[in-house]
Amino acid sequence: MINPSKINVLYMASEADPFIKIGGLGDVAGSLPRALRTVGASVNLLPADLDVRLVLPFHPGIHTDLYPLVQIAEFKVHTIRNDISVKAYALEADGLPVYLIGGSPIEQAPGVYSSNLEADGFKYVFFSQATLNLVKELNWKPDILHANDWHTASAVYSLALNRPMDPFFRQTTSLLTIHNLPYLGAMTSSALEAFDLPPAENTSLPVWAGHMALPLGLLTADIIVAVSKGYAKEIMTDEFGSGLQTFLKARSNKVTGILNGLDTGKWDPAMDDVLAANFTAANLQTRSANKAFLQNELGLESNPILPLLAMVTRMEPQKGVDLAVDSLRMILQSALSAQPLQAVFLGTGAPPLEQAVRLLEQDYPVRFRACITYNEKLSRQIYAGADMLLMPSRYEPCGLSQMIAMHYGCIPIARATGGLSDTIQDPNDSEESTGFLFKPATSEALAVAIQRAMTLFSSDPKSWQAMQIRGMQRDFSWDRSALEYIKQYKLLLDKRTNRMMSIENMYNGYQAKRRHL
Ligand code: ADP
């Protein structure tokens with residue numbers, strides 16, 4: 001039953017800061033495991049301490065130089081055709097044990113994610129299988145397998161298939177967090193077959209989903225967590241359910257929503273050493289030095305009165321980059337535009353979107369900067385220097401950029417969806433507003449929201465500042481969310497105890513019956 005001193009949590013992810021980060025999942029996997037360890041030690045919800053361990057693929061571009069790395073295991077993962085060698089390594093990052101899985105499908109891949117979806121599918125199913133093998137090699141039994149998105153969902157499925165026959169995993173329960181439902185792992189079918197994970201048949205899943213990693217994980221996870229309460233509801237609708245809405249509705253007793261938190265140690269405008277000037281809500285006037293610095297860095301007119309808008313994002317259709325480009329064009333072309341503005345977009349992604357952003361700079365070189373790159377330092381300088389952050393996402397499971405922006409006194413203008421609705425309050429709905437929301441996913445609706453924000457910015461600096469301060473004072477730290485995850489872990493452990501007890505009762509009943517025969 002439960003190890004008296006530790007509850008073992010195996011936290012699996014495709015990326016985690018500071019080792020490697022592409023987007024918000026990297027932020028989350030980089031901070032939640034640590035937060036769980038800290039919060040877990042300070043509450044007595046659980047009968048023992050949490051021993052959370054993070055496992056990542058040993059991606060070619062991963063940064064491990066800050067910590068001593070040791071090889072801890074060498075073994076093979078079987079496929080139906082051949083065996084693949086695995087070398088596993090370990091490091092300890094400020095108290096958090098981290099395992100790195102190496103092997104040819106990971107080493108030969110160009111990056112964390114690639115456009116070769118089939119190769120990505122194989123890589124992540126291999127990673128998932130190798131992780132399950134690794135904990136066996138280490139004889140470290142997870143009480144909870146915590147997987148994230150399609151990349152690690154096949155581990156949940158594999159666990160469920162093997163648990164009844166495998167004493168090592170008999171007590172392991174699973175939790176699967178959905179960060180981005182539409183990424184189902186559509187090209188994982190042949191990889192699942194190669195690793196001898198059969199498709200699900202005659203289940204509540206739609207037939208087409210029965211051989212994709214994420215749906216299979218959702219089918220078999222003991223608990224499913226969406227990354228905001230809003231998104232947990234949205235995934236059960238036709239608009240956001242990616243075809244799984246009916247299935248998810250039927251499993252709704254297993255689905256909950258927990259908002260991602262922010263690592264406020266890492267994202268702290270008072271301490272951030274790449275800023276021109278550090279600031280807090282109590283000395284917000286100091287922030288203006290960051291705006292001047294940013295304008296200067298970008299080669300834009302250094303002028304505190306001009307509203308400076310920004311986007312920091314993966315340039316994908318999900319993020320509404322096209323809506324932002326069109327609405328800026330609309331505003332910049334409009335003779336009615338109350339005042340000129342400046343804007344900067346930082347991001348990389350789909351070539352047509354990158355191109356649209358580059359064209360905007362070509363057409364408005366005095367007003368607009370296209371930074372088509374991944375640059376964390378610049379992102380911090382933008383959060384600290386820009387006045388407004390645009391997030392016109394078509395859907396947004398949680399979103400971290402808006403939280404970082406608010407924390408840095410940059411006011412979000414965002415589409416009312418998923419985690420954006422859960423974290424931003426609009427002046428039309430609340431006296432404690434922290435940003436501007438709009439509903440239809442159109443450039444016109446975004447342009448109206450931008451105009452509302454610019455009007456407040458230029459006509460009522462006091463109210464603007466009050467809104468900035470409210471945003472900065474919102475508690476986005478992990479504490480609350482980590483606690484909610486711990487409650488879910490407790491539920492899993494309670495269910496497990498009940499399950500084990502009922503097996504024990506059945507066994508005792510059976511023995512008693514035999515004695516009376
Ligand atoms: P998603 O996970 O969908 O990409 P989030 O808003 O949850 O979106 O998280 C995005 C994270 O990635 C934030 O930390 C943001 O600052 C960062 N980010 C995105 N694009 C870039 C970029 N080009 N340069 C630096 N940081 C970026």
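Residues numbered from 1 in each chain as written. Predicted model: local features only at pLDDT ≥ 70, side-chain atom pairs only at ≥ 80, totals over all residues. Heavy atoms only, no water.

### A look at helix 10 (residues 321-333)
Alright, step 1. In this model, helix 10 (13 residues) spans 18 Å end to end at C-alpha, consistent with the 18 Å of a helix rising 1.5 Å per residue.
Alright, step 2. For helix 10, the set of buried residues is Val321, Leu323, Ala324, Val325, Ser327, Leu328, Arg329 and Ile331.
Alright, step 3. Each element contacted by the buried residues of helix 10 is listed here: strand 10 (308-312), strand 11 (342-346), helix 11 (351-363), strand 12 (368-371), strand 13 (388-391) and helix 15 (443-459). (Helix = DSSP H or I, 4+ residues; strand = E, 2+ residues; numbered from the N terminus. Expected span 1.5 Å × (residues − 1). Buried < 20%, exposed > 50% of the residue type's maximum accessible area, 1.4 Å probe, protein only. Contact = heavy atoms within 4.5 Å.)

### Concerning the site of the ligand
Alright, step 1. Taken together, 22 residues are adjacent to the ligand, and Gly24, Asp27, Arg314, Lys319 and Tyr383 come closest.
Alright, step 2. Between the ligand and tyrosine 383, the relevant distance is 2.7 Å, taken from an oxygen atom to a side-chain nitrogen or oxygen of the residue.
Alright, step 3. Burial of the ligand by the surrounding chains reaches 93%, relative to a free accessible area of 570 Å².
Alright, step 4. Among the elements of the structure, helix 1 (24-42), helix 12 (376-385) and helix 13 (401-407) are those that each provide at least two residues to the shell around the ligand. (Near = heavy atom within 4 Å. Polar contact = N/O pair within 3.5 Å; in protein donor to acceptor, adjacent residues only side chain to side chain. Areas by Shrake-Rupley, 256 points an atom, 1.4 Å probe, with all protein chains shown as cover.)

### Section: the pairing of strand 2 (residues 49-57)
Alright, step 1. Counting buried residues along strand 2, 8 of its 9 residues qualify, which places the element largely inside the surrounding structure.
Alright, step 2. Two strands pair when backbone bridges link them, and strand 1 (residues 6-12) and strand 2 are joined in this way by 7 bridges, in the parallel orientation. Bridged to leucine 10 within strand 2 is arginine 53.
Alright, step 3. Regarding topology, helix 1 serves as the crossover connection from strand 1 to the parallel strand 2, and that connection is right-handed. (Pairing = 2+ DSSP bridges. Right-handed = clockwise from strand over helix to strand, strands pointing away.)

### Quick look at the nonpolar core
Alright, step 1. Ranked by internal contacts, the top residues of the largest apolar core, which has 139 residues, are Phe19, Leu181 and Leu218.
Alright, step 2. Here this core takes 8 residues from helix 3 (residues 117-138), the largest share from any one element.
Alright, step 3. Core analysis: the second largest hydrophobic core is formed by 36 residues, Leu309, Ile331, Ile411 and Met467 among them. (Core = buried A, V, L, I, M, F, W, Y, C linked by side-chain atoms within 4.5 Å.)

### A look at the sheet that holds strand 3 (residues 70-78)
Alright, step 1. Pairing is mixed across the open sheet formed by 9 strands, whose spatial order is 3-4-5-2-1-6-7-8-9. Two strands bound the open sheet, and with one partner strand each, they are strand 3 and strand 9 (255-257). The mean inter-strand angle of the sheet, taken between neighbouring strand axes irrespective of direction, is 25 degrees.
Alright, step 2. Note: strand 3 against strand 4 (residues 83-93), 8 bridges, orientation antiparallel. Bridge pairing in strand 4 links valine 77 to isoleucine 84.
Alright, step 3. Along the sheet, helix 4 (residues 149-162) contacts strand 1, strand 6 (144-148) and strand 7 (173-178); its crossing angle with strand 6, the most-contacted strand, is approximately 150 degrees.
Alright, step 4. Packing of helix 6 (residues 213-220) onto the sheet brings it into contact with strand 7 and strand 8 (223-226), and relative to strand 7 it is tilted by some 130 degrees. (Axes fitted to C-alpha atoms, helices over the stretch in contact; angles between N-to-C directions.)

### Structural notes on unusual backbone geometry
Alright, step 1. Put simply, aspartate 17 and proline 18 share a cis peptide bond, and its omega is 5 degrees.
Alright, step 2. Its place among the elements puts proline 18 in the loop between strand 1 and helix 1.
Alright, step 3. If you check the backbone angles, asparagine 202 has positive phi at about 55 degrees while not being a glycine.
Alright, step 4. Mapped onto the fold, asparagine 202 is located in the loop between helix 5 (189-194) and helix 6.
Alright, step 5. You can call asparagine 202 exposed: its relative accessible area is 84%.
Alright, step 6. Residue serine 242 is not a glycine yet carries a positive backbone phi of 50 degrees.
Alright, step 7. The residue serine 242 is located in the loop between helix 7 (229-234) and helix 8 (245-250) in this model.

### Re the pattern of salt bridges
Alright, step 1. For the structure shown, the criterion picks out 19 salt bridges.
Alright, step 2. Close ionic contact of lysine 266 with aspartate 17 constitutes a salt bridge, the shortest N to O distance being 2.6 Å. With lysine 266 in the loop between strand 9 and helix 9 (288-298) and aspartate 17 in the loop between strand 1 and helix 1, this residue pair connects regions lying 249 residues apart in the sequence.
Alright, step 3. For aspartate 17, a relative accessible area of 13% puts it in the buried group.
Alright, step 4. In this structure, aspartate 272 and arginine 380 form a salt bridge, with 2.7 Å as the shortest nitrogen-oxygen distance. Linking aspartate 272 in the loop between strand 9 and helix 9 with arginine 380 in helix 12, this pair joins segments that are 108 residues apart in sequence. Of the two residues examined, aspartate 272 and arginine 380, each falls in the buried class. (Salt bridge = Lys/Arg side-chain N within 4 Å of Asp/Glu carboxyl O.)

### Examining the sheet that holds strand 15 (residues 436-438)
Alright, step 1. Strand order in the open sheet formed by 6 strands is 12-11-10-13-14-15, and the pairing between neighbours is parallel. Sheet topology places strand 12 and strand 15 at the edges, where each strand pairs with a single neighbour. Each strand axis lies, on average, 15 degrees off the axis of its neighbour in the sheet, ignoring direction.
Alright, step 2. Bridge count for strand 10 against strand 11 is 5 bridges, and the pairing is parallel.

### Re the packing of helix 10 against helix 15
Alright, step 1. Two elements in contact, helix 10 and helix 15, have axes separated by 8 Å at closest approach and are oriented at 60 degrees. By the angle class used here, helix 10 and helix 15 are oblique. Read as a crossing pair, helix 10 and helix 15 show a hand that is right-handed. Where helix 10 abuts helix 15, its residues Leu323, Ala324, Asp326, Ser327, Leu328, Met330 and Ile331 lie against Ser443, Glu444, Leu446, Ala447, Ile450, Gln451 and Met454.
Alright, step 2. Class assignment for the residues of the contact of helix 10 with helix 15 results in 9 nonpolar, 3 polar and 2 charged. (Parallel < 35°, antiparallel > 145°, perpendicular 65-115°, else oblique. Left-handed = near helix turned anticlockwise from the far one by under 90°. Nonpolar A, V, L, I, M, F, W, Y, C, P; charged D, E, K, R; others polar.)

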